[in-house]
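Spelled out, the chains give:
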Amino acid sequence: MALAGPPGGASWTWRPVARDALLARAFHSCTELRGRFYLVGGLRAGGAKEPSGDTVVFDPAAGQAVQMGARGGPRRSHHDAVPAGGRWLCVVGGWDGARRLATVAALDTERGVWEAWSAAPGSCPPAGLSSHTCTRISDRELRVAGREGGTRTQRRYGSIYTLRLDPGARTYCYKEEGCHTASRSGHCAALLRTPGPHPAHQLLLFGGCNSAEPEVAGHWSPGKIKEEPPAAPHLMEQLARLVSTGQGSQQGPRGLRHHSCSVVGPFAVLFGGETLTRARDTICNDLYVYDTRKPPSTWFHFPCADHALKRVGHRTCLWNDQLYLVGGFGEDGRTPSPQVCTLDLFI
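Residues numbered from 1 in each chain as written. Predicted model: local features only at pLDDT ≥ 70, side-chain atom pairs only at ≥ 80, totals over all residues. Heavy atoms only, no water.

Peer 1: If you had to explain the side chain of Thr135 to someone new, which residues and values would you point to?
Peer 2: Tracing the chain through its elements places Thr135 in strand 11 (residues 133-136). Not counting the four nearest positions on each side in its chain, Thr135 is found in contact with Glu141, Leu142, Arg143, Ala189, Leu191 and Leu203. (Helix = DSSP H or I, 4+ residues; strand = E, 2+ residues; numbered from the N terminus. Contact = heavy atoms within 4.5 Å.)

Peer 1: For the pattern of salt bridges, give the residues involved together with the corresponding values.
Peer 2: Applying the stated criterion to the full structure yields 20 salt bridges. The residue Arg99 makes a salt bridge to Asp96 at a minimum N-O spacing of 3.4 Å. In this structure Asp96 comes out as buried when scored by relative accessible area, which is 17%. When salt bridges that share partners are traced, they join Arg34, Arg87, Asp108, Glu110, Arg111, Glu115 and Arg170 into one network. (Salt bridge = Lys/Arg side-chain N within 4 Å of Asp/Glu carboxyl O. Buried < 20%, exposed > 50% of the residue type's maximum accessible area, 1.4 Å probe, protein only.)

Peer 1: I'd love a proper account of the sheet that holds strand 19 (residues 260-264), names of residues and values included.
Peer 2: A sheet is described by the order of its strands in space; here four strands give the open sequence 19-20-22-23, paired in antiparallel fashion. The open sheet has two edge strands, strand 19 and strand 23 (298-302), and neither has a second partner. With strand direction ignored, the average angle separating the axes of adjacent strands in the sheet is 20°. Two strands pair when backbone bridges link them, and strand 20 (residues 267-271) and strand 22 (residues 287-291) are joined in this way by five bridges, in the antiparallel orientation. (Pairing = 2+ DSSP bridges. Axes fitted to C-alpha atoms, helices over the stretch in contact; angles between N-to-C directions.)

Peer 1: Could you give an account of the nonpolar core, with specific residues and numbers?
Peer 2: Core analysis: the largest hydrophobic core is formed by 24 residues, its most contacted members being Trp12, Trp14, Leu239 and Val289. Elements that contribute at least two residues to this core include exactly strand 1 (11-19), helix 1 (233-244), strand 20, strand 22, strand 23, strand 25 (322-326) and strand 26 (339-346). Here this core takes five residues from helix 1, the largest share from any one element. Formed by 18 residues, the second largest nonpolar core is a distinct cluster that contains Val92, Ala106, Leu165 and Tyr174. (Core = buried A, V, L, I, M, F, W, Y, C linked by side-chain atoms within 4.5 Å.)

Peer 1: So what's going on with the sheet that holds strand 13 (residues 157-166)? Which residues, and what values?
Peer 2: Read across the open sheet, the five strands follow the order 10-14-13-12-11; overall the sheet is mixed. Whereas interior strands pair on both sides, the edge strands pair on one side only; in this sheet they are strand 10 (118-119) and strand 11.

Peer 1: Please provide a residue-by-residue account of the pairing of strand 15 (residues 188-193), values included.
Peer 2: With respect to burial, strand 15 is a largely interior element, five of its six residues being buried. Both strand 15 and strand 16 (residues 201-206) contribute to a ladder of six bridges, which runs antiparallel. Bridging across to strand 16, Arg193 finds its partner in His201.

Read these as spatial facts, not as claims about activity.
Next up, the structure:
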């Protein structure tokens, strides 16, 4: 197990904790719900045209993966998924092998059944979504950000939508927001508190275009978003110690896409992805930490020499004070990883 980091300083690695061929996929979704990770769809091999339609449940406590028998699962890749009501897993948009969609499919995890929810009257959906982000603002409200349509029809800017869910009625409703972003695809989104005595929240987009600048895709005044206790107090403390060993910068990663991002308290933790800044050796294994504890927010870059840790189209998930890495293609951009790893920090 190779460690990344400067000699004599802090180091980090992804430590394998489980391995199962069921988990080998990329451009899937991986969502924690009630202590289980739900993996939906994705591509099972580089160059695959047809996304998978299966759902795999990984139990991080037992380190075991099982395939769900639920029928009617959506064939999707390059989609996003969020939990709702502590019960439903809502899959939003994505590529079905023929076109980009903006529909919502929901897995009722109590009954083990997939449901196709319908658009409510007045819903104004995007032209089609893939490699977008879908962020949970509250139990029934999501914020969708990304470029609409196919390569021939897409706009020169990114659109922002509020997506409201009604699990009781099994419906959803899109509303386009008045603001736009840069044209982004394969970016990530992080809902973070703003520093200060009266913390508000803002949704920041990272990557997915040539710019290194994060972009605000939503702002909520103090008290609008329900505060929840820190999900990972020990990991937050470790990340604070890690960044104290690094050299901060106002400049983030430029031209990164299809990376992962998880919010850990005041930190956004980005890993891997594909860089648009070079023609060869494009798949990355760098760790970035965005620290919002005091203004101005600061980037910390922790490079890695271990080529076995290169990933693209992977996901990270937070559970039980640990950050998990699931799936993704490796260095060749074609071979999916069957491993689950946890982030180990040595400080």
